[in-house]
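In case you want the letters, here they are:
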Amino acid sequence: MESFTYQLVFFLIIYIKYGHTYPTGAPAGVCSTMTPSHGDSISTQQCSTKYGIQADKTQYYTNETVRIIINGTTSSDTFRGILLLAKTQTGNQIIGTWRIVSSTIQTLACDNVANSGITHNSRSDKTSIEAIWTPPATITETTTLIRATIVTTKEVFFVNCFSVTLTARQANQSTNATTVAANTTTAATTTAAPSTTSVGVNISWTYATGVTAVKMQVTNLNPSQYCALGLSLDQEMGEDHVFVCKYLPTNTVVMERRINPSGSSPPVLASTITNPGGVFNITTQKVENGVIFCEFTLSGFGNAKRRRRAISSLSQTTSYYPLIAIGNLDSSADLTYHTSRIPLSPTVQLNQAAIITYNADGSDAPKIGLMKAHGIIMIFTWILFVSTGVLIARYFKPVWPGRKICGKAVWFSIHRALMTSVAILTIIAFILILVFEKGKWISRDETREFAHSIVGILVICFAIIQPIMALFRCAPDGEYRYIFNYVHAAVGSAALVLSVVAIFIAMFFTSFNFTVNKEWVIILVWACWLPVIFFAFQFIELYFKRQESVGKKTDSYDLSYGNGIARDNPTEVEPNPTKDRIKIIVLLVHILVAFVLSLALAIVIGKT
């Protein structure tokens, strides 16, 4: 009996010990305090830099989800327990629901609300966990805090140390809150992009005991703008660590850590890659007396094994070139292509104190102008000039019989003038984009830009080949003239089709951000208009074909005449004034449509 009593006492001690550590998940009763009940003698620890929390976005709509990742700085920084909740900033109310991604976690019913929290499901060591948060349909506060309590052992846990701030893009708080959100949206979408020429930036940091404390102060930054600090291994964009300070139209400031994958591709959240280097913790994000303050710390730089990767981890001992970028936010508070950027030297290191000052002077404006000029020239050239030249060559040879321009048939003179202009303008536009890119070819990582460059170079080659081919063509009655006729027509048609493809791809460039307001619909209308106008002309030809008879000789050569040889006595047709007038009217309609679409695209690019 005495032995059984000892065994029972021993069992109860073990049971109480593990029961209080909750190895299979936190109880719902701790949701309010988020503090583990591991015993009265055990208290929360000082915050550690070994762990971090990140979100895939910092602003959200109520119909979106937010992916949350909690991980250790290195592979040896593991944890066993987790409690993850979304709470309103002011009312501390638990909101939203969760969906698990990692197999080591489970949902928790806080306040008897299913799936309102996340906790662990075993006491196994974890290097990271991932979960998806869905906001409620009705937002009572625009600011939400995703808080995490991390437990490593029974005695070691961290409360109120790890959180990320989310902002609702549209809140349904009350009548006043709704009005503010509506006014904000209008300002973001209809106001012209503000100037960055007077923005002042002051960035400094200090280093002590492994922690780099960074302070960013930005003056004269307007709502719906951002200022970013990039740390680059060279003085060019691409494979950089970026820290973005956003000034939202709601008069709030949001700080983000991002990675610039390559070239002009938009920076992505650092949480999308494994171990970007160090733990990023925001300490201040506010606007005060018109000055934007973004402050954060970088710490916990472990000696993880180096892996083959596109972007190297951020390091406190590596020398970086600081890059400053200032740009505008779109209507969804996402980054657009910066309007001002400059690489600063000398290099800096995060383990050495540094001060960086910068006054935006619009130094990138001329460069951006080169890209815009390239696009505008190509649009007018290939939408207006080329299509008109092709239509005239194909359907207007019998029109204006007997009339000459510089001793040549009217249709030929117009066609030659248009297509010569096309070749010249295309070469000019190509030189402009070469200067803009500093003679470098687009990286394959920039998928859309690279695809545009391949299609574009084919169009340019065809545009140059066409006049060269025409210079060396044989006489109209030459035995092999039909070969030129077919090849010339095939190359021209291919170039026209490829130009539509190239322009359409350009509409989805990340630097233009046209996908939000659907400007690509303009080129879609053009792609539909082309077959319509060719069908209209073909219908006119077929309709009047039966009424044509042998008549006055014209300067027309049929590509498919007999055995394909252009003869001394070309096809003679009787002039049909009614047919000619209809074709001229349809051509004028086409020119008007092409000009309007070209002008619309040019305006869109000019305002970007």
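Residues numbered from 1 in each chain as written. Predicted model: local features only at pLDDT ≥ 70, side-chain atom pairs only at ≥ 80, totals over all residues. Heavy atoms only, no water.

### Considering the nonpolar core
Alright, step 1. Ranked by size, the top nonpolar core spans 43 residues in total, and within it Trp382, Ile383, Phe396, Trp411, Trp526, Phe537 and Leu601 carry the most contacts.
Alright, step 2. Of the residues forming this core, the biggest block, 11 residues, is contributed by helix 3 (residues 365–395).
Alright, step 3. Here Leu601 is in contact with Ile379, Ile383, Ile503, Met507, Glu519 and Ile522, once residues within four sequence places are set aside.
Alright, step 4. Residues Ile203, Val218, Tyr247 and Leu298 belong to the second largest nonpolar core, which totals 30 residues. (Core = buried A, V, L, I, M, F, W, Y, C linked by side-chain atoms within 4.5 Å. Buried < 20%, exposed > 50% of the residue type's maximum accessible area, 1.4 Å probe, protein only. Helix = DSSP H or I, 4+ residues; strand = E, 2+ residues; numbered from the N terminus. Contact = heavy atoms within 4.5 Å.)

### Side note on the sheet that holds strand 9 (residues 143–151)
Alright, step 1. Read across the sheet, six strands follow the order 2-10-9-4-7-6 without closing on themselves; strand pairing throughout is mixed. This sheet does not close on itself; its edge strands, each paired only once, are strand 2 (59–60) and strand 6 (105–110).
Alright, step 2. Relative to strand 7 (residues 113–120), strand 6 runs antiparallel, the two being bridged by five bridges. If you follow Leu108 over to strand 7, its bridge partner there is Gly117. (Pairing = 2+ DSSP bridges.)

### Considerations on the state of the cysteines
Alright, step 1. On inspection of all chains with the given rule, the structure shows three disulfides.
Alright, step 2. There is a disulfide in this structure between Cys31 and Cys110, and the S-S distance comes to 2.0 Å. Residues Cys31 and Cys110 are joined through a disulfide that is left-handed, its torsion about the S-S bond being -60°. Within this pair, whereas Cys31 is found in the loop between helix 1 (2–21) and strand 1 (51–55), its partner Cys110 is found in strand 6, the two being separated by 79 residues in sequence. (Disulfide = S-S within 2.5 Å.)

### Section: the confidence of the model for the chain
Alright, step 1. Averaged over the chain, the pLDDT score is 77; the fraction of residues at 70 or greater is 77%.
Alright, step 2. At the low end of the mean pLDDT range in the chain sits helix 2 (residues 175–190), at 27; at the high end sits strand 4 (residues 81–88), at 91.
Alright, step 3. Long-range and interchain partners of residues 171–197, a stretch whose pLDDT sits below 50, account for 34 contacts in this model, where long-range means more than four residues apart. (pLDDT = per-residue confidence, 0-100.)

### Focus: the packing of helix 4 (residues 410–436) against helix 5 (residues 447–471)
Alright, step 1. Axis separation between helix 4 and helix 5 bottoms out at 9 Å; the angle between their running directions is 145°. The crossing of helix 4 and helix 5 is left-handed. Each of Ala423, Thr426, Ile427 and Phe430 in helix 4 lies in contact with helix 5, whose residues at this interface are Ile457, Ile460, Ala463, Ile464 and Pro467.
Alright, step 2. In terms of residue class, the contact of helix 4 with helix 5 is made up of eight nonpolar, one polar and no charged. (Axes fitted to C-alpha atoms, helices over the stretch in contact; angles between N-to-C directions. Left-handed = near helix turned anticlockwise from the far one by under 90°. Nonpolar A, V, L, I, M, F, W, Y, C, P; charged D, E, K, R; others polar.)

### Some remarks on the packing of aromatic side chains
Alright, step 1. Using the criterion set out here, one finds 16 aromatic pairs in the structure.
Alright, step 2. Plain terms: the ring middles of Phe158 and Phe162 are 6.3 Å apart, the flat faces sit at 85° to each other, and that makes the pair edge-to-face. A single burial state applies to Phe158 and to Phe162, both of which are buried.
Alright, step 3. Grouped by ring-pair contacts, the aromatic residues Tyr395, Phe396, Trp400, Phe534 and Phe537 constitute a single cluster.
Alright, step 4. Positioned above the aromatic ring of Phe293 is the side chain of Lys286, whose terminal nitrogen or guanidinium carbon lies 5.5 Å from the ring centre. (Phe/Tyr/Trp six-rings, centres within 6.5 Å; stacked < 30°, edge-to-face > 60°. Lys NZ or Arg CZ within 6 Å of the ring centre and 35° of its normal.)

### Comments concerning the environment of Thr212
Alright, step 1. Tracing the backbone through its elements, the reader meets Thr212 in strand 12 (residues 211–219).
Alright, step 2. Residues Thr212 and Gln349, 137 residues apart in the sequence, show an inter-C-alpha distance of 9.9 Å.
Alright, step 3. Look past the residues within four positions of Thr212 in its chain and what remains in contact with it is Trp205, Thr206, Tyr207, Phe296, Thr297, Leu298, Gln316 and Leu350.
Alright, step 4. A polar contact is formed between the side chain of Thr212 and the backbone oxygen of Leu350, at a distance of 2.7 Å. (Polar contact = N/O pair within 3.5 Å; in protein donor to acceptor, adjacent residues only side chain to side chain.)

### Quick word on unusual backbone geometry
Alright, step 1. For Asn220, which is not a glycine, the phi torsion comes out positive at approximately 65°.
Alright, step 2. Turning to its location among the elements, Asn220 is positioned in the loop between strand 12 and strand 13 (225–232).
Alright, step 3. Overall, Asn220 belongs to the partly exposed group, its relative accessible area being 44%.

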